[in-house]
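Geometric and topological summary
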Amino acid sequence: MESAGAGLDGRTGDDGEAVAAALVTRLAATSSERILEFQELFDQLHDALYRWDVWAAAYLIGGGCSDDSFIDFRAGVIALGREWYERVLASPDGLADHPVVRQAAAEEDDGALFAESVNYVASKAYEQVTEGDDDEFYEAMKAREHVAVGIDEAREPDMGEDFDFDNDDEMRRRLPRMAELFLDPPYSATPTPPTRLRSVGNSVSG
């Protein structure tokens, strides 16, 4: 993921197709077992990003973010590679330093890091290796889940504290640097002086 993820730098709005193609090529050169292991790791990394503060960062970049779009955004963060993934996991506000994000803010590109294609690299590589179809891939993954132990699928994920993404003040408090890039500046607290009135003497005719 590291070397392929570097290809996402400087690319916005392509749904992650370039980095996804690179990943498919690399995975297809391995084995079906390694591809399934990759998907298991991808799912773990993806699930760990399922937090309100990460979603808020996606909301700022995208000018809104649905459930499906948040899936794509988390794939895009993973595709950035380990260093950036860990930085986002520690503080999503750190994305304000990433060149792709800064470029997106400057160009008003609401597709940056929404890498839908990256979600499907393992299934596509599996199809190439096995000459099967995506149904076989998902069946193989389901079989691995059945033998996994110590996993409570019914447990709700800990997303942290929920907050209102449409509240600009709250977004500035939680993600100050990202908000500075993507939100309009707040209105000044200093009242604007009224327009100067003409003198009474000038306003009254002779």
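Residues numbered from 1 in each chain as written. Predicted model: local features only at pLDDT ≥ 70, side-chain atom pairs only at ≥ 80, totals over all residues. Heavy atoms only, no water.

Structural notes on the overall build of the chain
Per the secondary structure count, the chain includes 12 helices and zero strands. When the elements of the chain are put in sequence order from the N terminus, they spell out α-α-α-α-α-α-α-α-α-α-α-α. Out of the 206 residues belonging to the chain, those deemed buried represent 38%. Considering only intrachain contacts with a sequence separation of at least 6, the fraction spanning at least 24 residues in the chain is 71%. Within the structure as shown, the chain displays about 12500 Å² of accessible surface, and the carbon and sulfur contribution to it stands at 47%. (Helix = DSSP H or I, 4+ residues; strand = E, 2+ residues; numbered from the N terminus. Buried < 20%, exposed > 50% of the residue type's maximum accessible area, 1.4 Å probe, protein only. Contact = heavy atoms within 4.5 Å. Areas by Shrake-Rupley, 256 points an atom, 1.4 Å probe, with all protein chains shown as cover.)

Description of helix α7 (residues 99-107)
In an α-helix there are 3.6 residues to a turn, and that puts residues three or four apart on one side. All of the buried residues along α7 are V100, V101, A104 and A105. All buried residues of α7 lie within an arc of 135° about the axis, which places them on one face of the element. Of the residues in α7, the exposed ones pointing more than 90 degrees away from the buried face are A106 and E107. (Arc of directions from axis to C-beta.)

Structural notes on the side chain of D72
Tracing the chain through its elements places D72 in helix α5 (residues 67-79). Excluding its chain neighbours within four sequence positions, the residues that come into contact with D72 are L113, F114, A115, E116 and N119.

A closer look at the confidence of the model for the chain
The share of residues in the chain with pLDDT of 70 or more is 79%, and the mean pLDDT across the chain is 86. Counting interchain partners and residues more than four positions distant, the pLDDT-below-50 stretch residues 195-206 has one contact. (pLDDT = per-residue confidence, 0-100.)

Observations concerning the packing of aromatic side chains
Using the criterion set out here, one finds 11 aromatic pairs in the structure. Centroid distance W52 to F165: 6.3 Å. Interplanar angle 65°. Geometry classified as edge-to-face. One end of the pair, W52, is in helix α4 (residues 52-62); the other, F165, is in the loop between α9 (134-147) and α10 (168-174), with 113 residues separating them in the sequence. Taken together through their ring pairs, the aromatic side chains of Y50, W52, W55, Y59, F70, F163 and F165 make up a single cluster. For the cation-ring pair, R74 lies above F70, with the distance from its terminal atom to the ring centre recorded as 4.6 Å. Across from the ring centre of W84, 4.0 Å away, lies the NZ or CZ of R87, which sits over that ring. (Phe/Tyr/Trp six-rings, centres within 6.5 Å; stacked < 30°, edge-to-face > 60°. Lys NZ or Arg CZ within 6 Å of the ring centre and 35° of its normal.)

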